[in-house]
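Tertiary structure, described
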Amino acid sequence: MSLAVVYSRAQVGIAAPLVSCEVHLSGGLPGTSIVGLPETTVKEARDRVRAAILNAQLEYPQRRVTVNLAPADLPKDGGRFDLPIALGVLAANGRVPRDALDGCEFIGELALSGELRGVHGVLPAVLQATRRGRRVIVPRDNAREAALVEDADVRVADSLLEVCAHLAGRIDLPRAEGGGIDDGRASPLPCLSDVRGQPHARRALEVAAAGAHNLLLVGPPGTGKTMLASRLPGILPPLDEHEALELAAVRSVAGHDTDVANWKQRAFRAPHHTASAAALVGGGTLPRPGEVSLAHHGVLFLDEIVEFDRHVLEVLREPLESGRIAISRAARQAEFPARFQLVAAMNPCPCGYAGDPSGRCRCTPDVVARYRARLSGPLLDRIDLKLEMPRVAHAELRDGVVGEDSGTVRARVVAARLRQLQRAGKPNAWLGNREVERDCALDARQHALLDRAVDRLGLSARAYHRVLRVARTLADLAGSGRIEEVHLAEAIQYRRFGG
Ligand SMILES: Nc1ncnc2c1ncn2[C@@H]1O[C@H](COP(=O)(O)OP(=O)(O)OP(=O)(O)O)[C@@H](O)[C@H]1O
Ligand SMILES: [Mg+2]
């Protein structure tokens, strides 16, 4: 029989559906065709595979070669199917034992010389294959990310010849090394003890960390907004295994290197305000994840947020609400996870000094209002914590009290987060309205307080629920089972800027 089947995996979002690569040899004019609706890049695979087989001093069949990548309706692109196609051709021709292919999956691009090259998105493929109990053979370039998957049987190869020798039982391919995974080697993050003064902003940052709330920092230049925001990852709880793998899968698909030593650290993504909508949410003919997905389970920092294009900010609304982003380009659909925590920073007015005691701001109220209106209401609504930061006097910058370090704050954050996970299985910022009603009960006095605030500040219904979520986080930080009046009052404080 001159039919061989080799298994591999495609990439759709961060999923890795199985693809079987069927190769059939038949009589007729020698030539190779690839079917299964592949993209042009897969057609290029035909030439690469042929050259690689010949350059490896192996025999390319002088017959009609038909390659079918099934299922046909999956998008398939990139060189990832080169290796399985080549092995299929060799197996169909009797040059590789067919039964050795059982229980294995293969991914890798071939150079014309027959060397193996790394591809994007190997991690999701290894995860899926491992769930199926299959061994995966990957190019050396992808060994580190593949090794992140626990209990995986991943073998690393440098060339087509090596893979053939392995399948023939002549050599044993080395396992992908997992030795690099060690949280102890994680590089240190910037520490909160560098920040002088700003007790309110420090407090808001801790609250944001504890409940995964979105945060807006408003203040004149040089008050430490950027400095503070970059210290958020250092006080967040480390990623758990599942979260870390999800983020690593996004990074793998985006073609970013796997930072094995730091893989449990939360991401901190700070795209520039000139970033396009596609860079932010993802895109491309083969959809790739954007900044919102690279910030999955971590922090998306938008510095000078009003300088971002309005349209670009609008696209953030979907992921802010659902934690996911759907991208459709032409016939292609992909969905990526995007459960990030937004931290935004802005000046209070175009010159930056509105409200500054120096009185140097000359912006008219009209100009200030228009400047702030660049942040749309719906986006502002989704930011739980808003804080105006005053300038810190030079003397205080020099001699001011040095606050707690990140480790101390993080311990409180972790404890508060644990309460939330035990109660609702998620951080407070993600509670649905039903869950808010269940977990954030108020007594009559507290209701009256909140009603007054809603009237006075003109809060929307969404903002109302967000106040309750923040109050819940403040209670969790205080170790309190119930929301107390102080928690509610503090939560209301954080909504004063622009609704
Ligand atoms: N509270 C602070 N404690 C210690 N250093 C500070 C503080 N605030 C500002 N600095 C110093 O000032 C520098 C500028 O701070 P940062 O860039 O965070 O300000 P910013 O509010 O983001 O300003 P801009 O509006 O211009 O972006 C920091 O690198 C830091 O050295
Ligand atoms: Mg800044």
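Residues numbered from 1 in each chain as written. Chains lettered and ligands numbered in written order. Predicted model: local features only at pLDDT ≥ 70, side-chain atom pairs only at ≥ 80, totals over all residues. Heavy atoms only, no water.

The protein chain carries the name Magnesium chelatase family protein in an unreviewed UniProt entry, which gives Dokdonella fugitiva as its organism. UniProt, in its Sequence similarities (unreviewed entry) section for the protein chain, records the words "Belongs to the Mg-chelatase subunits D/I family. ComM subfamily." (UniProt positions renumbered as here; feature names shortened; annotations may be inferred.)

Observations concerning the overall build of the protein chain
When helices and strands are counted, the protein chain shows 20 helices and 18 strands. Principal-axis analysis of the C-alpha atoms gives the protein chain an extent of 85 × 45 × 45 Å. By residue count, 54% of the 499 residues in the protein chain fall in the buried class. Counting every atom, the protein chain has about 21200 Å² of accessible surface; 51% of that belongs to carbon and sulfur. Across the protein chain, the centroid of the 65 positively charged side chains sits 3 Å from that of the 60 negatively charged ones. (Helix = DSSP H or I, 4+ residues; strand = E, 2+ residues; numbered from the N terminus. Buried < 20%, exposed > 50% of the residue type's maximum accessible area, 1.4 Å probe, protein only. Areas by Shrake-Rupley, 256 points an atom, 1.4 Å probe, with all protein chains shown as cover. Lys, Arg positive; Asp, Glu negative; His and termini not counted. Charge placed at Lys NZ, Arg CZ, Asp CG, Glu CD.)

Here's the deal with the site of ligand 1
Surveying the vicinity of ligand 1 reveals 15 residues, the closest of which are R196, G222, K225, T226 and M227. Between a nitrogen atom of ligand 1 and a main-chain N or O atom of R196, the distance comes to 2.7 Å. Contact between ligand 1 and N347: an oxygen atom at 3.3 Å from a side-chain N or O atom of the residue. Within the complex, the protein chains bury 68% of what would otherwise be the 630 Å² of accessible surface of ligand 1. In the shell around ligand 1, the residues fall into 5 nonpolar, 6 polar and 4 charged. (Near = heavy atom within 4 Å. Polar contact = N/O pair within 3.5 Å; in protein donor to acceptor, adjacent residues only side chain to side chain. Nonpolar A, V, L, I, M, F, W, Y, C, P; charged D, E, K, R; others polar.)

Digging into the nonpolar core
Core analysis: the biggest nonpolar cluster contains 49 residues, and L215, L228, L232, L450 and L488 have the highest contact counts within it. Setting aside chain neighbours within four positions, we find L215 in contact with A204, L205, A208, L342, V343, A344, I383 and L385. Ranked by size, the runner-up nonpolar core spans 39 residues in total, among them V49, L90, L101 and C164. (Core = buried A, V, L, I, M, F, W, Y, C linked by side-chain atoms within 4.5 Å. Contact = heavy atoms within 4.5 Å.)

Observations concerning the domain arrangement of the protein chain
Note: interface size is frequently given as the accessible area lost on complex formation between the parts. Here the domain parsing of the protein chain yields domain 1 (3-167) and domain 2 (192-430). Distance from the C-alpha centre of domain 1 to the C-alpha centre of domain 2: 41 Å. Between domain 1 and domain 2, the residue contacts involve 18 residues of the former and 22 residues of the latter. Approximately 1600 Å² of surface area, both sides summed, lies buried where domain 1 meets domain 2, with 63% of it carried by carbon and sulfur atoms. Three residues, I14, H120 and L148, lead the burial of domain 1 against domain 2; their summed loss comes to 37% of the area buried on that side. Among the secondary structure elements, those contributing two or more residues to the side of domain 1 that touches domain 2 are α3 (122-131) and α4 (143-146). Top contributing element to the side of domain 1 that touches domain 2 by residue count: α3, with 4 residues. Taken together, the residues that form the side of domain 1 that touches domain 2 break down as 8 nonpolar, 4 polar and 6 charged. (Domains from an automatic or database assignment. Buried area = accessible area lost by both parts, 1.4 Å probe.)

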